[in-house]
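Descriptive analysis of the structure
Spelled out, the chains give:
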Amino acid sequence: MSLNVGASTRIEYVVTNAVSGPVNDATVTVTILDNKGVEIPDETWPFNLPYVAASDGVYSNTFDPFTSLIAGQQYTVIIDVVGTDGLIDQCKVKSMATVKNCEGGC
């Protein structure tokens with residue numbers, strides 16, 4: 001999951017149940033923490049990721065540029081899932097903030 005300095009960042013998560021397959025009716029939230037474990041100030045966390053219609057379990061949002069990100073710093077992206085069927089899931093991903101590379105054209 002990439003965090004882009006000076007550019008919009010898309011966060012997407014696919015929710016599936018090992019038994020029943022894609023989950024389209026869960027509550028999915030995201031929180032981004034800096035390298036000290038503090039929420040970055042660019043958004044109100046946790047942020048609800050909306051379900052993408054007819055997508056088979058995809059929840060996604062494109063965020064305006066996070067102005068507090070520092071290139072080369074590591075952040076933690078936490079996705080929490082609560083399904084109406086009792087599914088509970090959490091995913092933590094360490095991600096380095098980077099400046100998008102446009103080699104070969106943009």
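Placed above this text is the structure.
Residues numbered from 1 in each chain as written. Predicted model: local features only at pLDDT ≥ 70, side-chain atom pairs only at ≥ 80, totals over all residues. Heavy atoms only, no water.

**Digging into the overall build of the protein chain**
Formally: Secondary structure elements follow DSSP: runs of H or I of four or more residues count as helices, runs of E of two or more count as strands, with numbering from the N terminus. Note on classification: 1.4 Å probe, protein chains only; a residue is buried when its accessible area is under 20% of the maximum for its type, exposed when over 50%, partly exposed between these limits. Should any heavy atoms of two residues lie within 4.5 Å, those residues are counted as being in contact.
Looking only at helices and strands, the protein chain features zero helices and nine strands. The N-to-C order of helical and strand elements in the protein chain reads β-β-β-β-β-β-β-β-β. Judged by the C-alpha coordinates and their principal axes, the protein chain covers about 40 × 35 × 20 Å. Burial status across the protein chain gives 38% buried among its 106 residues. Of the contacts formed within the protein chain by residues at least 6 apart in sequence, a portion of 59% connects residues at least 24 apart.

**Thoughts on the sheet that holds strand β6 (residues 47-49)**
Strand pairing within a sheet occurs via backbone hydrogen bonds; the two strands may be parallel or antiparallel. Here is the rule: Strands are labelled as partners when DSSP assigns at least two bridges between them.
An order of β1-β9-β8-β5-β6 is seen for the five strands of this open sheet, with the pairing classed as mixed. Pairing within the sheet leaves two strands with one partner each, and these edge strands are β1 (3-4) and β6. In terms of strand pairing, strand β8 (residues 74-82) meets strand β9 (residues 88-98) through nine bridges, oriented antiparallel. Bridge pairing in β9 links Q74 to M96.

**Quick word on the nonpolar core**
Selection criterion: Buried residues of nine kinds, namely Ala, Val, Leu, Ile, Met, Phe, Trp, Tyr and Cys, make up a nonpolar core once their side-chain atoms join them within 4.5 Å.
V30, I32, L49 and I79 are the most contacted members of the largest nonpolar core, which has 23 residues in total. Among the elements of the structure, β2 (9-14), β5 (27-33), β6, β7 (58-63) and β8 are those that each provide at least two residues to this core. Sort the elements by how many residues they give to this core and β8 lands first, with four residues. With near-sequence residues (within four places) excluded, V30 lies in contact with I11, W45, P46, F47, L49, F63, V77, I78 and I79.

**Observations concerning the pairing of β9**
Bridging between β1 and β9 involves two bridges; their strand directions are parallel. Its bridge partner being in β9, L3 is matched across the sheet by A97. Linking two consecutive strands that pair antiparallel, namely β8 and β9, is a turn of five residues; a positive phi of about 95 degrees is found at G86 within it.

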